[in-house]
Amino acid sequence: MNRASLDKQPHEVASMFDKVAKNYDLTNDVISLGQDRRWRKRVAEAIDARPGEKVLDLAAGTGTSSLPFTRTGAYVVPCDFSLGMLTEGKKRNPWLPLTAGDATRLPFRDGVFDAVTISFGLRNVQDTEGALRELYRVTKPGGRVVICEFSHPTWAPFRTVYEEYLMRALPPLARQVCSNPEAYEYLAESIQNWPEQPELAALLQKAGWTKVAWRNLSAGIVALHRGSKP
């Protein structure tokens, strides 16, 4: 298969990301019109990592998303299930402790991390609830979670325009900078099938997280969900 189907078989999704690893960060910058850097900045602010804290950055890809946490003096573990992404990340930042791992079976002990985060990756996990439970398991009591994910604009006219962009403009744009544009057809379809903001909040609560709240970014194109472990 060239494109992972929406039932998200792990080996298919991993293979898809292996193929786009080299230009992944550049492609994201282009198709988001530069907004991805602003979104990641908001993630770092929400995590508010402190010196000496342990942070898990799940679905970290090449590790680009992990770099802001290292600058705070925190110890960050970038984790991803795409070996192609990790290999590319190791070339760029060989000092990062890049770790291979499945979001539904994380290779860490209970209660290890002060904070856990996943940006634009939860949507690609086959078992969303299982991943939220795993993040809860590896977090220390009193720890926090931040999830940054594509979501749904709340203003109906803008939502219509945005969905047209996803289905009509995004794939041709991706073809200009990506060797596997079919991956971005999957991206568009998976965004449309992703739960609304309140639904994801409910899944976080079901997994055990408390003080769950969310903040819309870019009019709801992206939503930042957060929660705490009692």
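Here, every reference points to the structure presented above.
In this report, we go over the structure that sits alongside the text. (Residues numbered from 1 in each chain as written. Predicted model: local features only at pLDDT ≥ 70, side-chain atom pairs only at ≥ 80, totals over all residues. Heavy atoms only, no water.)

### Here's the deal with the sheet that holds strand β3 (residues 99-100)
Working step 1: Taken together, the seven strands give an open sheet; going across it, the order is β3-β2-β1-β4-β5-β7-β6, and neighbouring strands pair in mixed fashion. If you trace the sheet from one side to the other, it starts and ends with β3 and β6 (210-217), each paired once.
Working step 2: Summarising the sheet, β6 and strand β7 (residues 222-228) pair through six bridges and their orientation is antiparallel. The residue bridging Trp214 from the neighbouring strand is His225, located in β7.
Working step 3: In the packing of helix α9 (residues 197-206) onto the sheet, contacts are made with β5 (139-150), β6 and β7, and the angle to β6 comes to roughly 155 degrees. (Pairing = 2+ DSSP bridges. Helix = DSSP H or I, 4+ residues; strand = E, 2+ residues; numbered from the N terminus. Contact = heavy atoms within 4.5 Å. Axes fitted to C-alpha atoms, helices over the stretch in contact; angles between N-to-C directions.)

### Regarding the pattern of salt bridges
Working step 1: The full count for this structure, using the stated rule, is 14 salt bridges.
Working step 2: Of the charged contacts in the structure, one is a salt bridge between Arg42 and Glu45, with a shortest N-O distance of 3.4 Å. Of this pair, Arg42 and Glu45 both sit in helix α3 (residues 35-47), three residues apart, which is roughly one turn of that helix.
Working step 3: In this structure Arg42 comes out as buried when scored by relative accessible area, which is 18%.
Working step 4: Linking Glu129 and Lys206 is a salt bridge whose minimum nitrogen-to-oxygen distance equals 3.1 Å. Highlighted residues: Glu129 in helix α6 (residues 128-137) and Lys206 in helix α9, separated in sequence by 77 residues.
Working step 5: Taken together, the salt bridges that share partners define one network made up of Asp48, Arg50, Glu53 and Arg144. (Salt bridge = Lys/Arg side-chain N within 4 Å of Asp/Glu carboxyl O. Buried < 20%, exposed > 50% of the residue type's maximum accessible area, 1.4 Å probe, protein only.)

### A short note on the side chain of Asp114
Working step 1: Turning to its location among the elements, Asp114 is positioned in strand β4 (residues 113-119).
Working step 2: Engagement of the side chain of Asp114 in a polar contact is seen with the backbone nitrogen of Lys54, the distance being 2.8 Å.
Working step 3: Residues within four places of Asp114 in sequence aside, it is in contact with Glu53, Lys54, Thr139, Lys140, Gly143 and Arg144. (Polar contact = N/O pair within 3.5 Å; in protein donor to acceptor, adjacent residues only side chain to side chain.)

Worth remembering: the numbers are spatial, not functional.
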